Amino acid sequence: MYFSNILLGVLISFLSFHGYAQEDHASATATTEGHEVVADSTQHGEAKAEAGAEEKFDAGKLILHHIADEHDWHLFTLGHFHATIPLPVIVYTESKGLNVFMSSNFQNEHHEEVPYNGFVLEHGKIHAENGEKVWDISITKNVASMLISAILLLTIFIGIGRRYAENPHRAPKGIQSLFEPIILFVRDEIAINNIGKKHYKRFMPYLLTIFFFIWFNNMLGLIPGGANVTGNIAITMVLAVIAFFVTNFNGKSTYWTHIFAMPGVPKWMLVILTPVEIIGIFMKPFSLMVRLFANLTSGHIILLSLVSLIFIFKSAFLGFAVVPFSLFMNVIELIVAFIQAFIFTMLVSTYIGAAIEEHHH
């Protein structure tokens, strides 16, 4: 599942409770000499639960289910009805070769996981029944969401680019007027400020791509039934690795000199400072990866935890208190979706600016 993510770099779903019942009983008869007496039945154990009793609500399972990647796209559950979109499963093994089928084959009519064609789906991961290595490059929920965001990005910005090409001096209108201030914001407040007027144009396509990719996927993740793309550590790792290569491949001699042989520093100090600077090269993308992952995932967990309180305490009064606060948190999440895209792009531009900075005499 994670391999496929790396390869392709506020309403809560309806909840259902399943009833259970267990009843123990016994009967006994007793006879007396000369008289046959039928004794009343006696109970050896009280009923543990009545039929239809609600199953204990598992908040942790709910939260992990909504933030984890899956091989199908679950929209909502209403009673015993599960609205789910099956997704393509693409797996490769040495014995069977390439296998392509839909994820719905892993479930029976009772929505129980069953093996299919020698493969079994357990806890969101596909395993071979014979134990051999499985290469999973399936179109999972996160991958499908990324494809949707890519289509949105291409559709919107190709249309905007065509309007600029037709008449660059015409006043923007429609969706162009919505995105032009944001594009100018990225250019003026991020690219020019951190990279400089001389070199910023070369990195504008990259900076705009990561900004809108993160922002769009953050927003899609807030839609009911949406995927937690930017809250997936594999996605943020790919974004961080790309930033690492863009920064260091464009680093000038001055940048590398300050890492391996800082001018003005005594030679004996380089033994200490140079390893620190080398570690810093890798810590920068690592911090980018963890920051985006942690902030987006924690936001989803907090929001789901608040809603789960209603079902844990089974209190209608608590629901009146939690729901407004959850809506408030959702508004905060909308702001955080933009801020996290801004912070990631800002830090990347800062790293690039430091790498291409000209030597000052």
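Residues numbered from 1 in each chain as written. Predicted model: local features only at pLDDT ≥ 70, side-chain atom pairs only at ≥ 80, totals over all residues. Heavy atoms only, no water.

- Going by an unreviewed UniProt entry, the protein carries the name ATP synthase subunit a and comes from Sandaracinomonas limnophila.
- Quoted verbatim from the Sequence similarities (unreviewed entry) field of UniProt, the annotation for the protein is "Belongs to the ATPase A chain family."
- On record in UniProt, under Function (unreviewed entry), the comment for the protein is "Key component of the proton channel; it plays a direct role in the translocation of protons across the membrane." (UniProt positions renumbered as here; feature names shortened; annotations may be inferred.)

## Remarks on the overall build of the protein
- The helix and strand tally for the protein stands at nine helices and nine strands.
- Split into buried and exposed, the 361 residues of the protein put 38% on the buried side.
- For the protein, the accessible area works out to roughly 21,300 Å², and carbon and sulfur atoms hold 65% of it. (Helix = DSSP H or I, 4+ residues; strand = E, 2+ residues; numbered from the N terminus. Buried < 20%, exposed > 50% of the residue type's maximum accessible area, 1.4 Å probe, protein only. Areas by Shrake-Rupley, 256 points an atom, 1.4 Å probe, with all protein chains shown as cover.)

## Describing the nonpolar core
- Phe212, Trp215 and Val348 are the most contacted members of the largest nonpolar core, which totals 44 residues.
- Among the secondary structure elements, those contributing two or more residues to this core are helix 3 (141-166), helix 4 (175-195), helix 5 (200-220), helix 6 (233-249), helix 8 (267-313) and helix 9 (316-355).
- No other element matches helix 5, which puts 13 residues into this core.
- Contacts of Val348, omitting those with residues within four sequence positions, involve Tyr206, Leu207, Ile210, Ala243 and Leu288.
- Formed by nine residues, the second largest nonpolar core is a distinct cluster that contains Val89, Phe101, Phe119 and Leu121. (Core = buried A, V, L, I, M, F, W, Y, C linked by side-chain atoms within 4.5 Å. Contact = heavy atoms within 4.5 Å.)

## Notes on a nonpolar patch on the surface
- Judged by side-chain polarity, Met219, Val331, Leu334, Ile335 and Ile339 come together as a nonpolar surface patch covering roughly 400 Å² of accessible area.
- With four residues, the single largest contributor to the nonpolar patch is helix 9.
- Take Met219: it is sitting in helix 5. (Patch = residues over 30% accessible without salt bridge, like charges linked within 9 Å, V, L, I, M, F, W, Y side chains within 5 Å. Salt bridge = Lys/Arg side-chain N within 4 Å of Asp/Glu carboxyl O.)

## A word on the pattern of salt bridges
- All chains considered together, the criterion is met by two salt bridges.
- Linking Asp188 and Arg187 is a salt bridge whose minimum nitrogen-to-oxygen distance equals 2.8 Å.
- Its relative accessible area of 29% is what places Asp188 among the partly exposed residues.

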